[in-house]
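These are the residues of each chain, in order.
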Amino acid sequence: MTAAPDREALGTLLRHVLELLDADVAAVYAGLDLADYRPRFSPLVRVLLTDGPLPIRDLAARVGVTHSAASQTVAQMSRAGLVTLAPGADARQRIVTLTPRAHALRPVIEAEWAATTTAMRQLDAEVPVPLADELYAVLAALRRRPLRDRITDTGLAPAAPPPEDRRPPDRGGVSG
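## Quick word on the packing of aromatic side chains
- Per the stated rule, a full pass over the model turns up two aromatic pairs.
- Seen in terms of ring centroids, Y29 and Y37 are 4.5 Å apart; in terms of plane orientation they differ by 50°. Their pairing is tilted.
- The exposure class assigned to Y29 is buried, which follows from its relative accessible area of 0%.
- On the basis of an interplanar angle of 80° and a centroid distance of 5.3 Å, the ring pair of Y37 and F41 is categorised as edge-to-face.
- Classification of Y37 by relative accessible area gives buried; the value is 1%.
- Aromatic ring contacts, followed pair by pair, group Y29, Y37 and F41 into a single cluster.
- Its guanidinium or amino end placed over the ring of W113, R46 lies 4.0 Å from that ring's centre, counting from NZ or CZ.

Here you go:
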């Protein structure tokens, strides 16, 4: 096992924990002869099993990830033969549909999800605060006051507008 990252490098520490969790779940899938199945597929598969075909944007919103992250995961799932993509209502929209292979894997995916949930509850019993509870508390605190504001308050740099406020003004399609 590799050494834990520096306590002050929280982003690195979070990625390290996620890598450990994902690697172990991936090893379970490999042991089930599903080496091409990634742990990150399961939340999307579960939503598609419940809600049926969806545009990537809606799928991302339901799972709680960015459109870009969902799009990348869907591309991987397509290469693994788990989803197909079809044009949506406009040229930018793509509808994601589970393939028969994904439907056939449903019992294995649901069994792994249940087993992983049980294993995480066991892990939570060993730590001072359940991991999801702590992460939701951090998320709520960051929504109340973003880290960039907290960094600015140290005096390091002047406050800058959030990225969405830095876009040039919309000219409404009128040329000069």
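From this point, the discussion proceeds with the structure in view.
## Considering the pattern of salt bridges
- Per the counting criterion, the structure on display carries five salt bridges.
- The residue D51 makes a salt bridge to R62 at a minimum N-O spacing of 3.0 Å. Taken together, the residues span a long stretch of sequence, with D51 in helix α2 (residues 41–51) and R62 in helix α3 (residues 56–63) at a distance of 11 residues.
- In this structure, the salt-bridge partner of R92 is D90, at a minimum N-O distance of 3.5 Å.
- Looking at D90, the relative accessible area reads 33%, which means it is partly exposed.

## Quick look at the sheet that holds strand β2 (residues 83–87)
- Sheet architecture is open: three strands sit in the order β1-β3-β2, paired in antiparallel fashion. Across the chains shown, the open sheet's two edge strands, defined by having one partner strand only, are β1 (54–55) and β2.

## Considerations on the packing of helix α1 (residues 10–31) against helix α5 (residues 100–126)
- At their nearest, the axes of α1 and α5 sit 11 Å apart, and the two run at 140° to each other. As summarised for this structure, α1 and α5 are arranged oblique, according to the angle between their axes. The way α1 lies across α5 gives a crossing that is right-handed. Contacts from L21, V25 and Y29 of α1 reach α5 at I109, E112, T116 and M120.

## Some words on α1
- Relative to the 32 Å expected for 22 residues at 1.5 Å per residue, α1 spans 32 Å between its end C-alpha atoms, a close match to the ideal helical length.
- Looking at α1, one finds that the buried residues are H16, V25 and Y29.
- Contacts from the buried residues of α1 go to α2 and α5.
- D33 occupies a position one or two residues after α1 and carries a positive phi of about 60°.

Conventions and cut-offs
Residues numbered from 1 in each chain as written. Predicted model: local features only at pLDDT ≥ 70, side-chain atom pairs only at ≥ 80, totals over all residues. Heavy atoms only, no water. Phe/Tyr/Trp six-rings, centres within 6.5 Å; stacked < 30°, edge-to-face > 60°. Buried < 20%, exposed > 50% of the residue type's maximum accessible area, 1.4 Å probe, protein only. Lys NZ or Arg CZ within 6 Å of the ring centre and 35° of its normal. Salt bridge = Lys/Arg side-chain N within 4 Å of Asp/Glu carboxyl O. Helix = DSSP H or I, 4+ residues; strand = E, 2+ residues; numbered from the N terminus. Pairing = 2+ DSSP bridges. Axes fitted to C-alpha atoms, helices over the stretch in contact; angles between N-to-C directions. Parallel < 35°, antiparallel > 145°, perpendicular 65-115°, else oblique. Left-handed = near helix turned anticlockwise from the far one by under 90°. Contact = heavy atoms within 4.5 Å. Expected span 1.5 Å × (residues − 1).

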